[in-house]
Every structure is written in C-alpha cells, then in structure tokens.
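Residues per chain are reported as follows:
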Amino acid sequence: MKTAVCYYSRHHGNTLKVLRAMAQEGEIDLIDVTARRAVHLEEYDCVGLASGIYGFAFEKSVLEFARRYLPAGKPVFFVYTYGVAKGEGAKSPAAIAGEKGCPILGEFSCRGYDTFGPLRLVGGIAKGRPDTGELESARSFFRGLKKRLEQGNTP
Ligand SMILES: Cc1cc2nc3c(=O)[nH]c(=O)nc-3n(C[C@H](O)[C@H](O)[C@H](O)COP(=O)(O)O)c2cc1C
C-alpha cells in the first residue's frame, strides 16, 4: 500500500517525529508542503494530512495544499500534535475531504513539546512528547489503517 503524507512541522518537528514512526510500518512518502516539489497524489492508495496545531487549528498551508492537490475520492487520514489543547483538531481538513468525497480512515493525535510565546520562559510544556508510548501508538494506528485498507474495509 503506497501512502503519501503531506505535512507541516516547524515548531520542534514533533509531528514529523510521529510520521517517521508511522513510516517504519510501511511505504510512506513524506511530503513537506512548503518544499514546492511536483506531487502526484493520484499515484497513492491513501493520503495523510499532518500538522502541528497553531492558533487552535491545522496549518493553513496544509489545507491549501489539500484543496489544490488532494484527488477526489482518495481515502485520507489526519495526524496532528498539540501542546495543550487540540483546538479544532482535524475539523478543517475533514471539511475539505468531505467536499472532495474522500473517505476518512481516521486520525491520530498526541501532545508535542511546546515553547510557543511565554511558555519558553518556563522551559516549555509537554517536554519529551511525543514519547515512546505515543510513537508506538502512532505505529499501531498506521498498522491498523493499512490492514483495513488492504482488506478493502473503508468507510
Ligand atoms: C505559533 C504557534 C501556535 C501554537 N498554537 C497552539 C494551540 O493553539 N494549541 C496548542 O495546544 N498548541 C499550540 N502550539 C504548540 C504546538 O501545537 C505543538 O508544539 C506542536 O507539537 C508543534 O508541532 P510541530 O513541532 O510539528 O510544528 C502552538 C505553537 C506555535 C509555534
């Protein structure tokens, strides 16, 4: 099963850490949405959209990327990390998937080290996150998703 994950991970690379753990479980191409390379998402069996949560929401460049390149009907999943609270979580990418008729396979999220703004003064929060347990949960999430897709068991 060929998977692409289109991501933005700038604060501490927390989201990328989660994606790299998932990539140990199968063939995943990690596509940085800011890298401006040509993409052909139609070649993949499923597509992940991934981001840190910034200002209570998914990063806008991931959403723009999805609006532009996500093929209609492609199975999708969402991955995000957050410091304290998920905010709206995957609501915006889910809306885009809905508009394009893409079945949603699921989402994985966990906390990520956060030193944004005044938090830096206290050494940040969620230090050490994602931790080894969360990375194992991420691998397990992707294993499950892969199995369901390979069995044709999509929503
Ligand atoms: C500009 C900015 C805004 C953020 N806003 C939120 C937020 O609204 N809620 C939250 O829980 N964490 C927030 N965070 C923390 C990040 O979501 C968290 O550190 C995340 O793991 C970053 O992912 P990344 O390292 O992949 O970029 C913010 C961080 C930054 C830099």
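Residues numbered from 1 in each chain as written. Predicted model: local features only at pLDDT ≥ 70, side-chain atom pairs only at ≥ 80, totals over all residues. Heavy atoms only, no water.

## With respect to the overall build of the chain
For step 1, the next point in the chain: Per the secondary structure count, the chain includes four helices and six strands.
For step 2, the next point in the chain: Of the regular secondary structure in the chain, the N- to C-terminal order runs β-α-β-β-β-α-β-α-β-α.
For step 3, the next point in the chain: For the chain, the C-alpha radius of gyration of 15 Å lies close to 15 Å, the compact-globule estimate for 155 residues.
For step 4, the next point in the chain: With respect to the principal axes defined by its C-alpha atoms, the chain has extents near 45 × 30 × 25 Å.
For step 5, the next point in the chain: Burial analysis of the chain (155 residues in total) assigns 50% to the buried set.
For step 6, the next point in the chain: A sequence separation of at least 24 residues applies to 77% of the contacts in the chain between residues at least 6 apart.
For step 7, the next point in the chain: Mean positive and mean negative side-chain charge positions of the chain (22 and 17 charges, respectively) differ by 4 Å. (Helix = DSSP H or I, 4+ residues; strand = E, 2+ residues; numbered from the N terminus. Rg over C-alpha atoms; globule rule 2.2 N^0.38 Å. Buried < 20%, exposed > 50% of the residue type's maximum accessible area, 1.4 Å probe, protein only. Contact = heavy atoms within 4.5 Å. Lys, Arg positive; Asp, Glu negative; His and termini not counted. Charge placed at Lys NZ, Arg CZ, Asp CG, Glu CD.)

## Things to note about the site of the ligand
For step 1, the next point in the chain: The environment of the ligand is formed by 21 residues, the closest being Ser9, Thr15, Ile53, Tyr54 and Thr81.
For step 2, the next point in the chain: Here an oxygen atom of the ligand sits 2.6 Å away from a polar atom, N or O, in the side chain of Ser9.
For step 3, the next point in the chain: Within the backbone of Gly13, a nitrogen or oxygen atom sits 3.0 Å from an oxygen atom of the ligand.
For step 4, the next point in the chain: If the ligand stood free it would expose 640 Å²; the protein chains cover 88% of that surface.
For step 5, the next point in the chain: Sorting the residues of the shell around the ligand by element identifies helix 1 (14-22), strand 3 (46-54) and strand 5 (76-82) as the ones contributing at least two each.
For step 6, the next point in the chain: With three residues, the single largest contributor to the shell around the ligand is strand 3.
For step 7, the next point in the chain: Considering only residue class, the shell around the ligand consists of eight nonpolar, 11 polar and two charged. (Near = heavy atom within 4 Å. Polar contact = N/O pair within 3.5 Å; in protein donor to acceptor, adjacent residues only side chain to side chain. Areas by Shrake-Rupley, 256 points an atom, 1.4 Å probe, with all protein chains shown as cover. Nonpolar A, V, L, I, M, F, W, Y, C, P; charged D, E, K, R; others polar.)

## What about helix 1?
For step 1, the next point in the chain: Along helix 1, seven of the nine residues are buried, which leaves the element largely enclosed by surrounding structure.
For step 2, the next point in the chain: Buried residues of helix 1: Asn14, Thr15, Leu16, Val18, Leu19, Ala21 and Met22, and no others.

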